[in-house]
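What the coordinates show
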Amino acid sequence: MDAETAERGDGSVHIPVLSAQVAAAFGCIPERARTSYVVDATVGLGGHTELLLATYPWLNILGVDQDPEALERARTRLERFGSRVRLCRGRFSELARVMRQQQIGMPIGMLFDIGVSSMQLDVAERGFSFQHDGPLDMRMDPSRDRPASDIVNQWDESDLADLFFHEGGEKQSRKIARALVEARARAPFMRTAPLADLVARALGGGGGRIHPATRVFQALRRAVNEEGEELLAALHTADHCLADGGVLAVISFHSGEDGEVKRFLNAAARDGRFKLTPRKPLEADQAECRANPRARSAKLRVAERVRSEVRGETEIEGGECE
Ligand SMILES: C[S@@+](CC[C@H](N)C(=O)[O-])C[C@H]1O[C@@H](n2cnc3c(N)ncnc32)[C@H](O)[C@@H]1O
């Protein structure tokens, strides 16, 4: 099961994945970079940011997230670090603007822990859950104008089938889309539980190790939050904005996303813009997977920004991200 779709439903806090590996990835940032910032673009509940601030007392972090509720929780958790941490709301596609507004210059590190937090999954009212009934919403950023119910109730049967297949990897996507369109003609879907039941019935129950609605819910969440587009924006922003020698760390939970990150970094490494450190993705060991099932499908890719003199470009000292 993709960790991003694994629902624990036990109300426990979000445990940051691959903590030791994330801390080690940023360990090469020298103490003399103490005026620079690391951007945690998925600050979420502040787990990784807290770890980095505590491990490296010279680091400053700009924590960004599109979810205002997550930011509020992170603010409380990170209060003790005072001015070493700033928190801002924004999406990956808005990151360059946020960094410019905060006047942090070119960041010396960027972390993306992509996906959904346990808090988002566990709070039924956010509508991500097929285990706890809630409004069919799934917006990480509540100011987005299209909740999941709009897609479910308005898209054509063939578009829904394509979405479930391409974004969720659901092989029986056509069968589910047909059943959904028939059912919504009687009453629109406004809650998560009826949709999860419909999918389970369309698939004839079963589904093996995972809930039968896992893939459909993943596909809807990805569409609602435009996760594919946002990931590309994240990678391009890192490519444009990271300072010389800066660290890029990306954690993904989904093979399609990891493939995207891998393709991007391999191309950037071929062009001499990034060095992969290491070449292969880092994964959780058995002990972490046992303690935190979300970690099972987590992959961390780390790369270092090749210095501008090696790239044959000039980095503007104290420059801002364009
Ligand atoms: C897996 S959680 C991060 C958890 C965090 N690393 C921690 O240790 O607490 C992912 C977070 O990224 C945020 N997120 C996902 N996509 C985003 C995007 N495109 N722009 C901004 N934030 C995003 C989500 O709202 C969520 O809070």
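For the structure, check the block above.
Let us look at the structure shown here.

Thresholds applied
- Residues numbered from 1 in each chain as written.
- Predicted model: local features only at pLDDT ≥ 70, side-chain atom pairs only at ≥ 80, totals over all residues.
- Near = placed C-beta within 6 Å.
- Nonpolar A, V, L, I, M, F, W, Y, C, P; charged D, E, K, R; others polar.
- Helix = DSSP H or I, 4+ residues; strand = E, 2+ residues; numbered from the N terminus.
- Expected span 1.5 Å × (residues − 1).
- Buried ≥ 20, exposed ≤ 12 C-beta atoms within 10 Å, placed from the backbone.
- Arc of directions from axis to C-beta.
- Axes fitted to C-alpha atoms, helices over the stretch in contact; angles between N-to-C directions.
- Parallel < 35°, antiparallel > 145°, perpendicular 65-115°, else oblique.
- Contact = placed C-beta atoms within 7 Å.
- Pairing = 2+ DSSP bridges.

Notes on the site of the ligand
In the vicinity of the ligand there are 19 residues, among which Pro16, Thr42, Gly44, Gly47 and Glu230 approach most closely. Its residues assigned to classes, the shell around the ligand comprises five nonpolar, nine polar and five charged.

Details of helix 12 (residues 255-270)
For helix 12, with 16 residues, the first-to-last C-alpha span of 22 Å sits near the 22 Å given by 1.5 Å per residue. Taken together, the buried positions of helix 12 are occupied by Glu257, Asp258, Val261, Phe264, Leu265 and Ala268. Looking straight down helix 12, one finds its buried side chains confined to an arc of 130°; they lie on one side. Among the exposed residues of helix 12, those pointing more than 90 degrees away from its buried face are Ser255, Gly259, Arg263, Ala267 and Arg270.

Quick look at the packing of helix 7 (residues 157-168) against helix 10 (residues 214-224)
Direction vectors running N to C along helix 7 and helix 10 enclose 95°, while the axes themselves pass 8 Å from each other. It follows that helix 7 is roughly perpendicular to helix 10 by the angle criterion. Contacts between helix 7 and helix 10 involve Leu163, Phe164, Glu167 and Gly168 from the former and Arg215, Val216, Gln218, Ala219, Arg222 and Ala223 from the latter.

Focus: the pairing of strand 4 (residues 109-113)
Within strand 4, five of the five residues are buried, which leaves it mostly tucked inside the rest of the structure. Residues of strand 4 alternate between two faces, with Gly109, Leu111 and Asp113 on one and Met110 and Phe112 on the opposite face, all of them buried. Across three bridges, the pairing between strand 1 (residues 37-40) and strand 4 is parallel. Bridging from a neighbouring strand, Asp40 pairs with Leu111 of strand 4. When strand 4 meets strand 5 (residues 247-252), the two strands line up parallel, connected through five bridges. By the bridge assignment for strand 5, Leu111 is matched with Ala249.

Here we look at the environment of Leu160
Locating Leu160 in the fold gives a position in helix 7. Of the residues examined, Leu160 has 25 C-beta atoms within 10 Å and is grouped as buried. Sequence spacing of Leu160 and Arg139 is 21 residues, and the spatial spacing of their C-alpha atoms is 18 Å. If we skip the residues at most four places from it in the chain, Leu160 touches Trp155, Ala177 and Leu180.

Overview of the pairing of strand 5
Among the six residues in strand 5, six count as buried, and that is most of the element. Of the two faces of strand 5, the one holding Val247, Ala249 and Ile251 and the one holding Leu248, Val250 and Ser252 are both buried throughout. Sheet topology note: the strand 5/strand 8 (residues 299-305) ladder contains six bridges and is antiparallel. Bridged to Val247 within strand 8 is Glu304.

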